[in-house]
Amino acid sequence: MATNKFSTATKDGVTDRITCIDTEREALFAFKQGLTDPSDRLSSWMGDDCCQWSGIRCDNTSGHVVELDLTSSRLGGEINSSLLELRYLDYLDLSSNDFKGIPIPEFIGMLQNLKYLNLSSSSFSAEIPPQLGNLSKLTHLDLSHNKIEGNLPKNLYSPQVNLIDLSYNHFDGPLPLWTNQFSGEIPKCWNRSQPLWVVDLTNNNLTGTIPSSMGYLRSLNILMLSNNVLEGEIPPSLQNCLQLMTIDLGGNKLSGILPVWIGTSLLSTRIIRLRSNSFRGIIPQEWCRLPNLHILDLAGNNISGAIPSCIGNLTALAFDNMRGFSYANIFPPCKFFYEEQLAVVAKGRELEYGRTLIYVNIIDLSGNKLTGEIPKDIASLTELGTLNLSRNHLTGSIPDNIGDFRWLETLDLSHNNLSGHIPQSISSLTSLSHLNLSNNNLSGRIPGGNQLQTLPDPSIYGGNPLLCGGPLPTKCPGDEDESNSPTTGKGLEDNNTGKDDEMLWFFVSMGLGFVVGLCGVCCTLWIKDSWRKLLFRLVGIA
């Protein structure tokens, strides 16, 4: 396609000036014909050089139209597909106009070079066309302040987009799980007028602190800021978010003491996940008042002191009070259902839970500096599925009532200073599939039991030099004597087996003797006729 040039005279001579491409000028004329223009914004759209028209910018070398900016022009009508002729267009701004409820044209998704698209505040309606997800070079997308409805297309977001604004519309349905690479700080402009139920900024590169203005979000139910680079303390203003149920701040650089007010103000809290940070101090006794808490994950911090003796008061872990609960019930007047995705460590590995998260019951206090004994009342949390207290400085013995955990699947008490015997009741944990008691000061015989026999790995008891019995190779005192004793152990079995064999041969020989004797008598009577007659005579007399 030839580039149009005009020659213009200047005091220094003649200069060639690039003008627009003929086909692109015709496309813009067709686009203008479909619009209503009450403010006469497009009055300059006449003549041959479209590069000089209002709102148009052309490439200085090729003459192709690369920008179309008609913001705040009071335009209406239809958007003609002739814009597809603008193949080099990378900037399109039709914001702050009045298109009176028409849908966003699907063909916009075919403008492959588009990097900037702003259709905000222009009265667009219907759903977002999924074709917009084909704009692979798009870095800025603003569809805010319209009347757009329906679901958000899953392919709408791509990694190169860091701005996307879809606020103030009428979306419903589930929110797609977009993974982002946001950087910088969390905005500090949160206010009371924002009816937000969920803030999920997980898995980004956000820095700075958690803004105190987030405390204005009175309707906030779910706050997920995990796996970023956030610093500082948890802002006290969050205690104003009385409906907060999930607090996931794991995988950051947060510090400070664990806030007491979580246990006094946020009584709806179901999930506290603060793992892999730098929190210090003790676990507040007030947290025992949280009746709905079913996931408490404080692993990998600098928390010290004792495990609260009141931990058995966490009623959601003592009774099955999550039955019938649904996160869909917490979002009236909205129509959408937000499905949380949370990573927890269970069964010795990190697992990701979504729809079934409400059934996950976990206490993970591993990798801290906890001291003292394991509270006996902790075994009253019979709904608990995972208990991980490993890599602390706990002392004392394993509670005798450890077997009361009827649904416990994971028990990790390794790398502590626990002493004494392993309670026999541990064999009652019929759901146990992951056990680690290694690197303590436990002693005595390892209990038997059907469930423990399914865990034959000796390493789960390693680092306890005073433990003995299977699956460890170390025999307990007296095991050798018992094996040879005629009244105990294997000797008892051998002795009983020997007696049974003697009785068997006794009856066999007696039976054979009876048969042989009977055959001898019968044969004699058959041969001796006189004896036979004498026998019959005697029988007859009798």
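Note that this is a predicted model, so its numbers are computed, not measured. (Residues numbered from 1 in each chain as written. Predicted model: local features only at pLDDT ≥ 70, side-chain atom pairs only at ≥ 80, totals over all residues. Heavy atoms only, no water.)

Asks: Explanation requested: the overall build of the chain in the structure shown.
Replies: Counting its regular elements, the chain contains six helices and 34 strands. For the chain, the residues scored as buried account for 46% of the 542 residues in total. (Helix = DSSP H or I, 4+ residues; strand = E, 2+ residues; numbered from the N terminus. Buried < 20%, exposed > 50% of the residue type's maximum accessible area, 1.4 Å probe, protein only.)

Asks: Please explain the state of the cysteines as it appears in this structure.
Replies: Linking two cysteines covalently via their sulfur atoms produces the bond known as a disulfide. If you walk through the whole model with that rule in mind, you get four disulfides. Each sulfur in the disulfide pair C20 and C50 lies 2.1 Å from the other. Residue C20 is found in the loop between β2 (13–18) and α1 (22–33), and its partner C50 is found in the loop between β3 (35–36) and β4 (56–58); the two are separated by 30 residues along the sequence. One exposure class covers both C20 and C50, and it is buried. Between the sulfur of C468 and that of C476 lies a disulfide, 2.0 Å long from S to S. Judged by the sign of its S-S torsion, about 100°, the bond between C468 and C476 is right-handed. Judged by relative accessible area, which is 5%, C476 ranks as buried. For the chain, the bonded cysteines pair up as 1-2, 3-4, 5-6, 7-8 when numbered in the order they occur along the sequence. (Disulfide = S-S within 2.5 Å.)

Asks: I would appreciate a short explanation of empty space enclosed by the protein in the present structure.
Replies: One way to see where empty space is left: roll a probe the size of a water molecule over the atoms. Here the largest cavity is characterised by a volume of approximately 40 Å³. Residues that form the lining of the largest cavity fall into these classes: eight nonpolar, no polar and no charged. (1 Å grid on protein atoms, 1.4 Å probe; cavity = no way out; pocket = protein on both sides within 12 Å on 5 of 7 lines; lining within 4 Å. Points joined across faces, edges and corners; volume = space filled by probe spheres on them. Nonpolar A, V, L, I, M, F, W, Y, C, P; charged D, E, K, R; others polar.)

Asks: What should I look at first to understand the pairing of strand β11 (residues 147–150) in this one?
Replies: When a strand is regular, its side chains alternate between the sheet's two faces. As paired elements, strand β9 (residues 125–127) and β11 share three bridges and run parallel to each other. Within the sheet, the bridge partner assigned to E127 lies in β11 and is E149. Sheet analysis places β11 next to strand β13 (residues 170–171), joined by two bridges and oriented parallel. The partner of G150 across the bridge, within β13, is F171. (Pairing = 2+ DSSP bridges.)

Asks: Sorry, what's going on with the sheet that holds strand β22 (residues 278–281) here?
Replies: The strands making up a sheet associate through hydrogen bonds between their backbones, and the pairing can be parallel or antiparallel. Pairing within the open sheet is parallel, and its five strands lie in the order β18-β20-β22-β24-β28. Strand pairing shows two members of the sheet lacking a second neighbour, β18 (231–232) and β28 (369–371), which therefore form its edges. Where strand β24 (residues 302–306) meets β28, three bridges bridge the pair, whose relative direction is parallel. Residue A306 lies in a different strand from β28, and its bridge partner there is T371.

Asks: Please clarify how α1 should be interpreted in this entry.
Replies: Here α1 contains 12 residues, and its C-alpha end-to-end distance of 17 Å stays within 8% of the 16 Å for a straight helix at 1.5 Å per residue. Every buried residue belonging to α1 is among E24, R25, A27, L28 and F31, and all of these are buried. End-on view of α1: buried residues confined to an arc of 160°, all on one side of the axis. Next to the buried residues of α1 lie β3, β4 and β5 (65–69). (Expected span 1.5 Å × (residues − 1). Arc of directions from axis to C-beta. Contact = heavy atoms within 4.5 Å.)

Asks: Please explain the pattern of salt bridges as it appears in this structure.
Replies: Close approach of charged atoms lets side chains of opposite charge pair. Inspection of the entire model under this criterion finds 10 salt bridges. One salt bridge in this structure joins D22 and R25, with 3.1 Å as the shortest N-O distance. A residue pair is termed a helical-turn pair when its members lie 3 or 4 positions apart in one helix, as D22 and R25 do in helix α1 at three residues. A residue is classified by how much of its surface remains accessible, and D22, at 39% relative accessible area, is partly exposed. With a relative accessible area of 10%, R25 lands in the buried category. Close ionic contact of R57 with E67 constitutes a salt bridge, the shortest N to O distance being 3.1 Å. Taken together, the positions of R57 in strand β4 and E67 in strand β5 put the pair 10 residues apart, joining distant regions of the chain. (Salt bridge = Lys/Arg side-chain N within 4 Å of Asp/Glu carboxyl O.)

Asks: Just to check I follow, could you spell out the UniProt feature "domain: Leucine-rich repeat-containing N-terminal plant-type" (unreviewed entry) in the chain for this structure?
Replies: Within this structure's numbering, the places UniProt gives as "domain: Leucine-rich repeat-containing N-terminal plant-type" (unreviewed entry) are residues 22–59. Each end of residues 22–59 is marked by a C-alpha atom, and these two atoms are 14 Å apart; helix forms 32% of the span and strand 13%. (UniProt positions renumbered as here; feature names shortened; annotations may be inferred.)

Asks: What exactly am I supposed to notice about the sheet that holds strand β31 (residues 419–420) here?
Replies: The parallel open sheet is built from three strands, whose spatial order is β31-β33-β34. At either end of the open sheet lies a strand with only one pairing partner, and these are β31 and β34 (466–468). Here two bridges tie β31 to strand β33 (residues 441–445), and the two strands are oriented parallel to one another. Directly across from S419, in β33, lies its bridge partner N441.

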